[in-house]
Amino acid sequence: MDLDKLANLLNATLYQPHRSEAEEQLQRIHKIAGFGPALLQIAVSSDIEMSTRQASAIYLKNLMFQSWATREDEPNKFTVHEQDRSILKDTILDVIIQVPELLRAQLFVCLVTMLKHDYPGRWPNVLEKFDAYLKSDNSSYWMAGIIGFSALVKAFEYQKVEKSPVHGAVKVILPSIYNVMLLIIGNSTAESVELQKIVIKTYYKIVQFTLTPDLMDRNTFTKWMELLSVIVCNPVPEEVSRFEHSDIDQLPWWKIKKWALHVMYRIFERYGSPGSVAQEYQQFSIFYVKTFSAGFIEIILRILDQYRNNVYIPPRVVQMCMHYLNQCVTIGHTWKMIKPHIAAIIQDVIFPLMCHSECDQELWETDPQEYIAQKFDVFEDLVSPVMAGQTMLHSACKKRKDILPKTVQFIIGVITSNDATSSQKDGALYMLGSIADIIFRKDMYKDQVGSMLYQHVFPVFQSPHGHLRARATWFIQHICEIQINNDKVWEDLTTLSYNALLNDKDLPVKVQAGLAIQALLLAEHKVEKILLPKIKDITLELLKVVQETENDDITCVVQKIIGIYFDTLAPIMVDICQNLAKTFIQVLHSNGANDRREIAGMSILSCLETILSVNDEQEQTMAALEPIVTDVIIHVFNKPEVGIEYYEEVLNLVCDLTNQRVSPNMWKLLQVIYSVFQHNGIDYFVDMMPCLHNYVTVGMKTLIENQNYMLIIFNMCKTVLSSQCTEDAECHAAKLLEVLILQCKGRIDNCIPSIVEIVLQRLVREIKSSELRAMCLQVIVAAIYYNPTLLFETLDKLQMSMSTNESISAHFIRQWLQDTDCFFGIHDRKLCVMGLLTLMALPPNRPIAVNEHANQFVPSMLMLFDGLKRAYISQEKRLENVVSDEEEFDTENELGTDEDEIDQSLVFASDRIPFIITVVYSI
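Per-chain numbering applies: the sequence of each chain, read as written, is numbered from 1 onward. Two thresholds apply to this predicted model, a pLDDT of at least 70 for residue-level local features and 80 or more for giving and counting side-chain atom pairs, whereas whole-chain, interface and lining totals are computed over all residues. Hydrogens and waters are ignored; side-chain quantities use all the structure's heavy atoms.

**Focus on the overall build of the protein chain**
For the record, the criterion: Starting at the N terminus, helices and strands are each numbered in turn, a helix being any DSSP run of H or I of at least four residues and a strand any DSSP run of E of at least two. Accessibility here uses a 1.4 Å probe with only protein chains present; expressed as a share of the type maximum, an area under 20% marks a residue as buried, one over 50% as exposed, and anything in between as partly exposed. By the convention used here, residues are in contact when the closest approach between their heavy atoms is within 4.5 Å. All accessible areas in this document rest on Shrake-Rupley with a 1.4 Å probe, and a residue is counted as covered only by the protein chains that are shown.
The number of helices and strands found in the protein chain is 51 helices and 0 strands. When the backbone C-alpha atoms are referred to their principal axes, the protein chain occupies close to 100 × 80 × 65 Å. In the protein chain, which comprises 923 residues, the share counted as buried stands at 52%. Of all intrachain contacts in the protein chain linking residues separated by at least 6 positions in sequence, the fraction that spans at least 24 positions is 72%. Carbon and sulfur atoms provide 50% of the accessible area of the protein chain, an area that totals close to 42,800 Å².

Quick look at the structure:
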């Protein structure tokens, strides 16, 4: 393959206007033998532009992801040629150690993909290759062995031990890895430390879920723990301190310490804590605590001592230290070791962590929206040393006596001190709120809630410092969890909260105040009455906050308020909806972080759904809300690159808008939904189902009158039943066809043959679940109930077109009767009974297939009636909140049908059962 031409094509993909053309050409040639090795060769060529080399590495990564694995169920799918596989396997490790880090990350993923699908069966000698690299006298090969082994562990990281080939490889390779580590651990160059970090990170992946007997071998385990101790204690080069703090966090000298501490904590928490580990690790946990606790605790205390003396320690390192010490609190042996230091840890480490920092204040002043986003980021909390410190503080105060009184004394001392800064008072209030659930359940404190609030918290609402006012409103959220038997306290808590929301000038204070209002509403029913006079102003102010911050927590507050005060808010409900719609469209088109944007958007859509549900029976209000919500739905469907995240939510909105009536605008929206379905939206068919059901049932008259709408419903079901969809989706498609037949009885004769044909075509293909087979049979049963003559005429025509000797009618009836016990739930059984009754009621010139199986009708019907009896008993138990085995299989759900007519027919049938039995046995 011509490397120059390939490199030019890759380069062209980086720039407009030739990108599309270049991508098409690459798509045409990617199946040619030699394509993969050529990409690898371009990636390693130093005389080619870095951007082109990077494009080559990324294209190779995607090629391997899509075409490396061979699948028996897709024999015609393209896979990388065998000769290319051999070349890539032989060369990729050598290439990885030659290329820069930017390319190494992409090629590492390629290696992981290769190992995941080929090791050990199709690549048995790779382990020997890794081991040879590690045992080589040439140190440049060590990187290849370490990276190769790291890729192998990554490939099977989440596979169960009994199925994973990794643990056999670990037994072979880990001793060699350890020997290399002994040789390089004294080398403090960035390259060497980076390699050491890869080893420690790989070791973490090995032990994160299981510690095998080989790894628990005391001699082997001790060696690795000693290695971790050396790594954590190794000094950081002096020049590192000259970097910015944000840059220091990313340097290998600190990242390796973070991973070493991560390993130490994981082993301690999962395998080394006596009394809280699995039985298989009990003996090991005792060995661990007695052998390593003292040394590790000493190391961690040394790091924290540096922190308390204003030496910069990266946040993740502090977080890992706090996690480890928090685990120590719960174990008697380790608690004795840290108890003498706990006061210093709380006052000199945890307290400063929880104080309002200079960085916090700078962000507060320059970008309050970003400040709010960071403080409410749940993902940030997972890696935050502040949350780790808060957790340790809570554990120590809850589980160890004498710690709580001393901590409270320290906190109150800070709050009442004239010398304490606003930042320190913020930290003290933060600490107090974090342990409020412990403090005020103790006999010595529980009667002091009111006095504590009036003396130490309520005055803070008048502070000139915004962050202190925000902390006071945050405190209210946590004090709500405490039982307070004083109406005046609840009134003052509520008044302070809504005043902070309505009158405070700082946006973060308003956010905390909104959350305080929600907490108060959840905690005490009397708060509803206190808020009532101000609820309109509160709601409108919250909507402004939502628009400014796009904060999903505040959207939830609005949703809660709408659910409680929907009658009071009725006059401004349209305004509320317009405001939320505007904010959602703003979120949809924003360039913020994807996760944050998605969560904010979903919370707004959930709030819109609440508005629709509480106004469901208000026809005029719904008519006013409909165009606003419809506009939101169309915006989502018209922007699929980001809107696809919200398909499930907006389809719920469509369902809400069609629950009572289907307006002309909603029929137009059906066409939009069909367009989405046709353009890669088939995966959302199950989510579309509830609104499609409404179109069929609520909008039945228009559906019958307009052939285009009927075709949309039919074509969607046909596409699902004739493509490679999940059987769950196919069950829903069959159910919708059944609903269509039963709802439109006697009015869609021209549709019945097509419906029957696609269902029969699905029945003759492989079906894995009895549910799908029963659901397809049910569609035919519904067609019997609709018009038996039309059904059998359709089956006869299909038989003629298929040129088969076996009667389709006879085959269907036989299959149906054999599967009678596969029909569960009340509706399904009732429909089967009505189908059988319809066949029994046919005149003497009934189809031959009916006569052939007539003697099985009554036994099947008795089985169905027995099942109905059990189903009704099960339903009654469910109403009494008793779980029944039958409930698991009950398919009667929101996709119900014309049940009244079936019920009336069953009443008539039950009165005539003796006569029917006589008739059947006379056939």
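**Here's the deal with the environment of E21**
On the secondary structure map, E21 appears in helix 2 (residues 19-29). It is 9.0 Å that separates the C-alpha atoms of E21 and L9, two residues lying 12 residues apart in sequence.

**Some details on a nonpolar patch on the surface**
Stated precisely, the cut-off is as follows: Within this analysis, patches are made of residues with over 30% relative accessible area and no salt bridge. Like charges are joined at 9 Å or less; nonpolar side chains (Val, Leu, Ile, Met, Phe, Trp, Tyr) at 5 Å or less. Basic side-chain nitrogens of Lys or Arg form a salt bridge, by our definition, when they fall within 4 Å of a carboxyl oxygen of Asp or Glu.
On the surface, V378, F379, L382 and I599 cluster together into a nonpolar patch covering about 390 Å² of accessible area. By the secondary structure assignment, L382 is in the loop between helix 21 (378-381) and helix 22 (385-399).

**Examining helix 7 (residues 126-135)**
Test applied: An arc is given here, and it is the one of the directions from the helix axis to the C-beta atoms.
Turning to helix 7, its buried residues are V126, L127, F130, D131, Y133 and L134. One side of helix 7 carries all its buried residues, which in axial view fall inside an arc of 155 degrees. Projecting away from the buried face of helix 7 at angles above 90 degrees are the exposed residues E128 and K135. Against the buried residues of helix 7 lie helix 5 (82-96), helix 6 (101-118), helix 8 (142-155) and helix 9 (166-184).

**Here's the deal with unusual backbone geometry**
Going from Q16 to P17, the amide bond is cis rather than trans, its omega being 10 degrees. Looking along the chain, the bond that leaves Y119 and enters P120 is cis, with omega of 0 degrees. Inspection of the secondary structure assignment puts P120 in the loop between helix 6 and helix 7. The backbone of N310 shows a phi angle near 65 degrees, a positive value even though the residue is not glycine. Topologically, N310 is positioned in the loop between helix 15 (282-308) and helix 16 (315-329). Assessed through its relative accessible area of 74%, N310 is described here as exposed. Residues other than glycine seldom take positive phi values, yet D402 does so here, at roughly 75 degrees. By secondary structure assignment, the location of D402 is in the loop between helix 22 and helix 23 (403-416).

**What to know about the pattern of salt bridges**
Applying the stated criterion to the full structure yields 29 salt bridges. Where D487 meets K526, a salt bridge forms, and the shortest distance between an N and an O atom there is 2.7 Å. Taken together, the positions of D487 in helix 28 (residues 487-503) and K526 in helix 30 (residues 526-531) put the pair 39 residues apart, joining distant regions of the chain. For the salt bridge of E738 with K735, the shortest nitrogen-to-oxygen distance reads 3.5 Å. On the criterion of helical spacing, the pair formed by E738 and K735 is a turn pair, its members being 3 residues apart in helix 42 (residues 727-743).

**A word on the packing of helix 19 (residues 358-366) against helix 20 (residues 368-375)**
What counts here: An axis is simply a line fitted to the C-alpha atoms; with a helix, the fit covers only the stretch in contact. Between two such axes, the angle follows the N-to-C directions and lies from 0 to 180 degrees. The scheme is simple: roughly parallel for angles under 35 degrees, roughly antiparallel for over 145, roughly perpendicular for 65 to 115, oblique for anything else. When residues are grouped by polarity, Ala, Val, Leu, Ile, Met, Phe, Trp, Tyr, Cys and Pro land in nonpolar, Asp, Glu, Lys and Arg in charged, and all others, Gly among them, in polar.
Across the interface, helix 19 lies against helix 20 with an axial gap of 5 Å and an inter-helix angle of 130 degrees. On the basis of their axis angle, the class for helix 19 and helix 20 is oblique. Across the interface between the two elements, D360, L363, W364, E365 and T366 of helix 19 pack against P368, E370, Y371, Q374 and K375 of helix 20. Considered class by class, the residues forming the contact of helix 19 with helix 20 number 4 nonpolar, 2 polar and 4 charged.

**Describing the packing of aromatic side chains**
Selection rule: Stacked, tilted and edge-to-face are the three classes assigned to paired rings of Phe, Tyr and Trp, where Trp is represented by its six-membered ring and a pair needs centres within 6.5 Å; plane angles under 30 degrees give stacked, over 60 edge-to-face, the rest tilted. Any Lys NZ or Arg CZ that is within 6 Å of a ring centre and within 35 degrees of that ring's normal is treated as a charge sitting over the ring.
Throughout the structure, instances matching the rule amount to 33 aromatic pairs. Seen in terms of ring centroids, Y271 and Y281 are 4.8 Å apart; in terms of plane orientation they differ by 70 degrees. Their pairing is edge-to-face. With a gap of 10 residues between them, Y271 in helix 14 (residues 252-271) and Y281 in the loop between helix 14 and helix 15 connect regions that are remote in the sequence. A relative accessible area of 0% places Y271 in the buried class. Y281 gets classed as buried once you look at its relative accessible area, which sits at 6%. One aromatic cluster is present, built from ring pairs that chain together F221, F268, F284, F287, Y288, F292, F296 and Y324. In this structure, R471 is placed above the aromatic ring of Y430, and the distance from its NZ or CZ to the ring centre is 4.1 Å.

**Remarks on the side chain of Q559**
Quick note on the threshold: A 3.5 Å cut-off defines polar contacts: any pair of N or O atoms within that distance qualifies, except that in protein one atom must be a possible hydrogen donor and the other a possible acceptor, and neighbouring residues in sequence count only when both atoms are side-chain atoms.
Here Q559 shows up in helix 32 (residues 552-565). Within the structure, Q559 has its side chain in polar contact with the side chain of T610 (distance 2.7 Å). Those residues within four positions of Q559 in sequence are excluded, and the remaining contacts are S603, S606, C607 and T610.

**A word on the environment of Q279**
Following the sequence through the fold, Q279 ends up in the loop between helix 14 and helix 15. Looking at Q279, the relative accessible area reads 67%, which means it is exposed. The spacing of Q279 and L63 is 216 residues in sequence and 45 Å in space, taken between C-alpha atoms.

**Description of the environment of S451**
Tracing the sequence through the fold places S451 in helix 26 (residues 449-457). Expressed as a C-alpha distance, the spacing of S451 and V489, which sit 38 residues apart in the sequence, is 9.8 Å.

**Observations concerning the packing of helix 15 against helix 18 (residues 342-354)**
Which entries qualify depends on this criterion: The hand of a helix crossing depends on one turn: near helix anticlockwise from the far one by less than a right angle means left-handed, and clockwise means right-handed.
Running from amino to carboxyl end, helix 15 crosses helix 18 at an angle of 60 degrees, the nearest separation of the two axes being 10 Å. In terms of axis orientation, helix 15 runs oblique to helix 18. For the element pair helix 15 and helix 18, the recorded crossing hand is left-handed. Residues L301, L304, Y307 and R308 of helix 15 touch helix 18, and the partners they reach there are A344, I345, D348, V349 and L353. Its residues assigned to classes, the contact of helix 15 with helix 18 comprises 7 nonpolar, no polar and 2 charged.

**A few points about the side chain of D492**
Looking at the element boundaries, D492 is found in helix 28. Note on D492: relative accessible area 17%, which makes it buried. For D492, the side chain forms a polar contact with the side chain of K488, separated by 2.7 Å. Beyond its immediate stretch of four places on either side in the chain, D492 contacts Y454 and F458.

**Some details on the confidence of the model for the protein chain**
Cut-off, in case you're wondering: A score between 0 and 100, pLDDT records how confident the predictor is in each residue.
Looking at the protein chain, pLDDT values average 91 and 94% of them are 70 or higher. Predicted confidence is poor over residues 882-897, with pLDDT under 50, and the contacts of this stretch with residues over four places away or in other chains come to 36 contacts. Within the model, the stretch residues 907-923 combines pLDDT values under 50 with 12 contacts to residues more than four positions away or in other chains.

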